[in-house]
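Residues per chain are reported as follows:
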Amino acid sequence: MNKLKNTKIINFWSYKLSEYRKTNWWSKTASTSIKDFITIRTSNTILKLLDLTKGENK
């Protein structure tokens, strides 16, 4: 099951690693302009970003 969390500055999408297949969606995504506005990061990076933005999301 996928989970999506939206904030004012971050959209966080999580998934089960065992079910993840980049080839399922990346080839279509990479051929559109949205590729210039997204980044894929690990949970450690997301946690650091959340820590850095504490207080900015109110």
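Structure: above.
Below, the structure is looked at part by part.

Rules used throughout
Residues numbered from 1 in each chain as written. Predicted model: local features only at pLDDT ≥ 70, side-chain atom pairs only at ≥ 80, totals over all residues. Heavy atoms only, no water. Helix = DSSP H or I, 4+ residues; strand = E, 2+ residues; numbered from the N terminus. Areas by Shrake-Rupley, 256 points an atom, 1.4 Å probe, with all protein chains shown as cover. Salt bridge = Lys/Arg side-chain N within 4 Å of Asp/Glu carboxyl O. Buried < 20%, exposed > 50% of the residue type's maximum accessible area, 1.4 Å probe, protein only. Contact = heavy atoms within 4.5 Å.

## Looking at the overall build of the protein chain
- For the protein chain, the helix and strand inventory stands at two helices and two strands.
- When the helices and strands of the protein chain are placed in sequence order, the string is β-β-α-α.
- Accessible surface, the protein chain: about 5,400 Å² in total, of which carbon and sulfur atoms supply 56%.

## Description of the pattern of salt bridges
- With the rule as written, the count across this model stands at two salt bridges.
- A salt bridge links K35 to D36; its shortest N-O distance comes to 3.8 Å.
- On the basis of relative accessible area, K35 is assigned to the partly exposed category, the value being 34%.
- Residue D36 is classed as exposed on the basis of its relative accessible area, which comes to 57%.
- Measuring nitrogen to oxygen at the nearest pair gives 3.5 Å for the salt bridge that ties D51 to K54.

## A few points about the side chain of T29
- The residue T29 is located in helix α1 (residues 26-30) in this model.
- Of the residues examined, T29 reaches a relative accessible area of 17% and is grouped as buried.
- Ignoring any residue separated from it by four or fewer positions in sequence, one finds T29 in contact with I34, K35 and I38.

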